[in-house]
Amino acid sequence: MTKYEPDLDMNHPGFADKEYRARRKMIADIAFAYKYGDPIPHIDYTETEVATWNMVYKNVKELMPKHFCSEYQQVFALLEEENIFGPNHIPQLQAMSDFLCRHTGFTLRPAAGLLTARDFLASLAFRVFQSTQYVRHTKTPFHTPEPDCIHELLGHMPLLADPSFAQFSQEIGLASLGASDEEIEKLSTVYWFTVEFGLCKENGEVKAYGAGLLSAYGELQHAISDKPEHRPFDPQVTAVQPYQDQEYQPIYYVAESFEDAKEKFRRWVATMSRPYEVRYNPHTQRIEILDSVARLDNLMGQLNLEMLHLNTALNKLKSKSV
């Protein structure tokens, strides 16, 4: 844990609210006691917490058609269809985790607060997203200086159910394994300016895909105004750009598309100092270090078999269309 607000920060909106602090501690203790693999504990949210969710939810619905990327909108509609999303109830992490697992293999783990960059990124390598369960203070419904469950659920979860975005998130995590402290800092900065506060072009228009924009009305309005600077996404430059974690960003990076961002990220990661490659094995849910010819030969055999199946399927589809 790097931060455990609001007890430590006098600027936190809940610092002087004893009831809120006690509630936060209770939910944090549930996360501390959790063991991965167990069912995620159910949180009975209060009327005040649901009211805060409702305010943000309605703003998200209003802003979504014009300002959110199409991938987000498609998954959001599906979440509403399955009654996981709705204005009058805060989704439980277990239901959301099950939804993500069905679509991209991601699962959730409850977290008590903000984690170290290395720990958080390592989780992504295994397609595990560490999510808070507490709700931001009612004083600041449209912006929070720390992650809360509204940020996680409305900001991160829909895109983690999109295969392309889920892969990008995992690739950042995989790149962190075995990385130096300096490289971890750079990777976490790239994560900040993409997954948290990223913008991308879609049909010639700039759309939001970063969770900090999708879940915070105030930050989004700032990001799409003429106040901040918009720069093209370049991982080598983005990785060393100082960022602001308490106020709105003065700079945002705009990707040409998800695919363009992934390709640029892969080229940049290839220049890092790690002397080996890693891959996630979805069958064993383990990380494989590709540091020997024997392991590479085995993997190539598996991939050749996969390509055989794909070619067979393609040929069958072509024969049907003739």
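Notes on the structure in this doc start here.

Each value, and the rule that gives it
Per chain, the residues get numbers from 1 upward, laid out in the order the sequence is written. For this predicted model, a pLDDT threshold of at least 70 governs which residues receive local features, and a threshold of 80 or more governs which side-chain atom pairs are given and counted, while totals over whole chains, interfaces and linings are taken from all residues. The basis for the side-chain values is all heavy atoms of the structure; hydrogens and waters are excluded. Throughout this description, buried means an accessible area under 20% of the type-specific maximum (1.4 Å probe, protein chains only), exposed means over 50%, and partly exposed covers the range between. Starting at the N terminus, helices and strands are each numbered in turn, a helix being any DSSP run of H or I of at least four residues and a strand any DSSP run of E of at least two. Taking the helix axis as origin, the arc is that swept by the directions to the C-beta atoms. A contact between two residues is defined here by any heavy atoms of the two lying within 4.5 Å. Here, a salt bridge means any side-chain nitrogen of Lys or Arg that lies within 4 Å of a carboxyl oxygen of Asp or Glu. Helix axes use the C-alpha atoms of the stretch in contact, all axes being lines fitted to C-alpha atoms, and the angles between their N-to-C directions lie in the range 0 to 180 degrees. Roughly parallel covers angles under 35 degrees, roughly antiparallel covers those over 145, roughly perpendicular covers 65 to 115, and oblique covers all other angles. The handedness criterion is simple: a crossing whose near helix is rotated anticlockwise from the far helix by less than a right angle is left-handed, and one whose near helix is rotated clockwise is right-handed. Three residue categories are used. Nonpolar comprises Ala, Val, Leu, Ile, Met, Phe, Trp, Tyr, Cys and Pro, charged comprises Asp, Glu, Lys and Arg, and polar comprises the others, including Gly. In plain words, nonpolar cores are sets of buried Ala, Val, Leu, Ile, Met, Phe, Trp, Tyr and Cys residues tied together by side-chain atoms within 4.5 Å. Two strands qualify as a pair provided that DSSP identifies no fewer than 2 bridges between them.

1. A few points about helix α4 (residues 93–103)
What α4 keeps buried is the set L93, M96, S97, F99 and L100. End-on view of α4: buried residues confined to an arc of 160°, all on one side of the axis. Elements that come into contact with the buried residues of α4 comprise α3 (70–81), β1 (107–110), β2 (128–131) and α6 (149–160). With its phi angle positive at about 85°, G105 sits one or two positions after the end of α4.

2. Here's the deal with the pattern of salt bridges
Scanning the model with the defined rule gives 17 salt bridges in all. R267 is the salt-bridge partner of E263, the closest N and O atoms lying 3.6 Å from each other. Taken together, the residues E263 and R267, both in helix α12 (residues 258–269) and 4 residues apart, mark about one turn of the helix. A salt bridge links R279 to E288, with the shortest nitrogen-to-oxygen separation between them at 2.9 Å. The class of E288 is partly exposed, set by a relative accessible area of 25%. Residues joined in a network through salt bridges with shared partners are E171, E263, R266 and R267.

3. A short note on the packing of α3 against α4
Axes are the key here: two packed helices are described by the angle between their axes and the distance separating the axes. Orientation of α3 relative to α4, taken along the N-to-C sense of each, is 125°, at an axis distance of 12 Å. The pairing of α3 with α4 is recorded here as oblique in orientation. Considering the relative orientation of α3 and α4, their crossing is right-handed. Of α4, the residues touching α3 (which contributes V75, L78 and L79) are M96, F99 and H103. Here the contact of α3 with α4 is composed, by residue class, of 5 nonpolar, 1 polar and no charged.

4. Let's talk about the nonpolar core
The biggest cluster of nonpolar side chains holds 77 residues, and the ones touching the most others in it are Y72, F85, M96, L100, F129, L154 and F265. If sequence neighbours within four positions are ignored, F265 has contacts with F168, E171, I172, A175, L187, V190 and P235. Counting 5 residues, the second-largest nonpolar core is a separate cluster that includes A125, L174, L177 and V278.

5. Thoughts on the pairing of strand β7 (residues 277–281)
Among the 5 residues of β7, 4 are classified as buried, and the element is accordingly described as predominantly covered. Note: β7 against strand β8 (residues 286–290), 5 bridges, orientation antiparallel. Following the sheet pairing, Y280 is matched in β8 by I287. Hairpin remark: β7 followed by β8, antiparallel, with 4 residues in the connecting loop; positive phi at Q285, about 55°.

Function cannot be read off these values alone, since they describe shape.
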